[in-house]
Amino acid sequence: MSTYILESVVTHTVLILAYWVFLRQENQYGKMRFYLLGATLFSIVIPLFRLPKLFATPPLPMQELSGGIVTMTGPTVAATAIETPMMTFDTIMWFSFLISGVLLLRLISKIIYLVRLERRSICESYNGYDIRRVADVNGSFTFFNWVFLSDDINHDQKEYDAILKHEQAHAQLKHSYDLIFFELFKVFFWWLPSSWYINKEIKRIHEYQADAYALRSFNLDLYSSILIKTTLQSNGLNIVSSFHDGLIFKRLKAMKQQARKVNPWKSGMLMSLCVCLFLIFACSEERSSITAQSEQNDKAQEESQDISVREIFKVVEEQPSYEGGMSAFTQYVISEMRYPLAARKAGVEGIVQVQFVIERDGSVSNVKAVDGIGSGCDEEAIRVIKNASGFKPGSQRGRTVRVQMEMPLTFKLNTEKKNPDGSVQGMVIAEGAAIDKFDLDVKAEYKNGIWSGTIRSAEGDLMPGVNIVVADSDYGTVSDLDGTFSVKAEKNQELHISFVGYSNVKLEAH
């Protein structure tokens, strides 16, 4: 939506500015009218086209990344700042629609007024014209095929025929359609200066066209004198065409000018401008298609590859993080989680192991309970994790990657306490959400180009699934079920060992 509005505004502004430079002083009013109508339609329609790009740009080569999803246990945390805009695009759009609604109601009220005016007018015929006499208007004006005349204008006045000829021109040239079209454009683009300018300019062109039409039947001097003597009071309706328009001196000057053709170079410039805008805003599909296809292929490549914790694969150097740290993520999970009533009544408790993927844009996807307890607890855990936001994606060598994470949630009942409805009270514990960092006990040695060793916790427990990354490279491994590991590395390359909730360890070969 925002792209369409931007392209439409740029197109209309550029074309109307070109009109002001090249055509404003011309007197080919039919062509000027056609240009204003065409430019406005062009700016509305062209952004809707999405044609193939003429000059294809080959997609950038993609680096192959083995192991599209990296498995880790436990959520990782970090602090990232997210700025909230003071006024969103949606708020601006709603405000714009509100103003447009007011202007649309105003336009409709004017049309209703003219319809009512026609119904209470007195219809009479004069020299083949159907005229509507009204008592509460000044001068004359035309709306579609309705020609309204004030009671002050009578058949004895010499300007009567001239006024009718002028108003008949408005009706035959269908000027009212132009006025309604441009008024509707202004309703929806009221904040665009060019929309107000074309409404004023089209009325000027209409009067010049009607004067030229009337001059076919009247002498220039006679018609000019009639125009000067006629009442110049305005009717206050900008959707009607009137002989009694306020552009008196400009109209007199325009009537005396000889018609001249528009210079061919001006027409060429305007045509070239339209072609350029068309190529810029309409012929751009291939670029977006290539981008979308590249992302789709990249995502498909990642999802299609199998990951095994026993194999060497590209593990992430920077793990996904959560805004505000682990305490913020824990607080979010605990505050949002609800122990299902059905589970409490049935006495169901246990651990729900939730698995999810942090995408490249930080969003959460593929949420599922790989080890659940049922009775609504699995669905509740999935709901809370799925609604989580504020993640910063993990990265490998400066490139964001999809990272799979797991989080155990413990549903525990308190049989000693009951709610007013008789159900047992319960609580949900977000396990693995510890804030404190513990030390890893790493015993390793570097021999014949291979790092090997065993990893234990500070309490002496074997640590499987610990990430081991060779610095300045894109490969590594994880510790086995018995805490052992083995990985190739150059002597000058450090070994980075990390696990959620534990301090990182760096090893150097000596």
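This text follows the structure it describes.
About the thresholds
- Residues numbered from 1 in each chain as written.
- Predicted model: local features only at pLDDT ≥ 70, side-chain atom pairs only at ≥ 80, totals over all residues.
- Heavy atoms only, no water.
- Pairing = 2+ DSSP bridges.
- Helix = DSSP H or I, 4+ residues; strand = E, 2+ residues; numbered from the N terminus.
- Axes fitted to C-alpha atoms, helices over the stretch in contact; angles between N-to-C directions.
- Phe/Tyr/Trp six-rings, centres within 6.5 Å; stacked < 30°, edge-to-face > 60°.
- Lys NZ or Arg CZ within 6 Å of the ring centre and 35° of its normal.
- Salt bridge = Lys/Arg side-chain N within 4 Å of Asp/Glu carboxyl O.
- Buried < 20%, exposed > 50% of the residue type's maximum accessible area, 1.4 Å probe, protein only.

I'd love a proper account of the sheet that holds strand β17 (residues 484–488), names of residues and values included.
Backbone hydrogen bonds are what pair the strands of a sheet, in a parallel or an antiparallel way. Read from one edge of the open sheet, 3 strands run β13-β14-β17, paired in antiparallel fashion. Of all strands in the sheet, those with a lone pairing partner are β13 (440–447) and β17, marking the two edges. Put simply, the sheet's adjacent strands are angled 20° from each other on average, direction ignored. Sheet analysis places β13 next to strand β14 (residues 450–457), joined by 8 bridges and oriented antiparallel. Pairing of L440 across the sheet is with S457, part of β14.

Please give an account of the packing of aromatic side chains that cites residues and values.
Taken as a whole and assessed by the stated rule, the structure comprises 17 aromatic pairs. Three or more aromatic residues joined by ring pairs form one cluster here, namely F141, F143, F144, W146, F148 and Y177. The ring of W20 has R24 lying over it, and the distance from NZ or CZ to the ring centre is 4.1 Å. Between K186 and the ring centre of W196, over which it is positioned, the NZ or CZ distance is 4.3 Å.

Just give me the short version of the sheet that holds strand β3 (residues 129–134), but keep the residues and values in it.
With respect to topology, 4 strands assemble into an open sheet ordered β2-β3-β5-β4, the strand pairing being mixed. Of all strands in the sheet, those with a lone pairing partner are β2 (122–126) and β4 (140–143), marking the two edges. Between one strand and the next, the sheet's axes are offset by a mean angle of 35°, whatever the strand orientation. Examined bridge by bridge, β2 and β3 share 5 bridges and lie antiparallel to one another.

A description of the pattern of salt bridges should follow, citing residues and the corresponding values.
Scanning the model with the defined rule gives 9 salt bridges in all. E26 is paired through a salt bridge with K266; the nearest N and O atoms lie 2.7 Å apart. One end of the pair, E26, is in the loop between α1 (2–22) and α2 (29–45); the other, K266, is in helix α9 (residues 264–281), with 240 residues separating them in the sequence. For K266, a relative accessible area of 14% corresponds to the buried category. E124 is the salt-bridge partner of R133, the closest N and O atoms lying 3.3 Å from each other.

Can you explain unusual backbone geometry? Please cite residues and give values.
One non-glycine residue with positive phi stands out, namely N366, at about 55°. Note that N366 resides in strand β8 (residues 364–371). Unusually for a residue other than glycine, D472 sits at a positive phi of about 60°. Position of D472 relative to the elements: it lies in the loop between β15 (467–470) and β16 (476–478). A relative accessible area of 73% places D472 in the exposed class.

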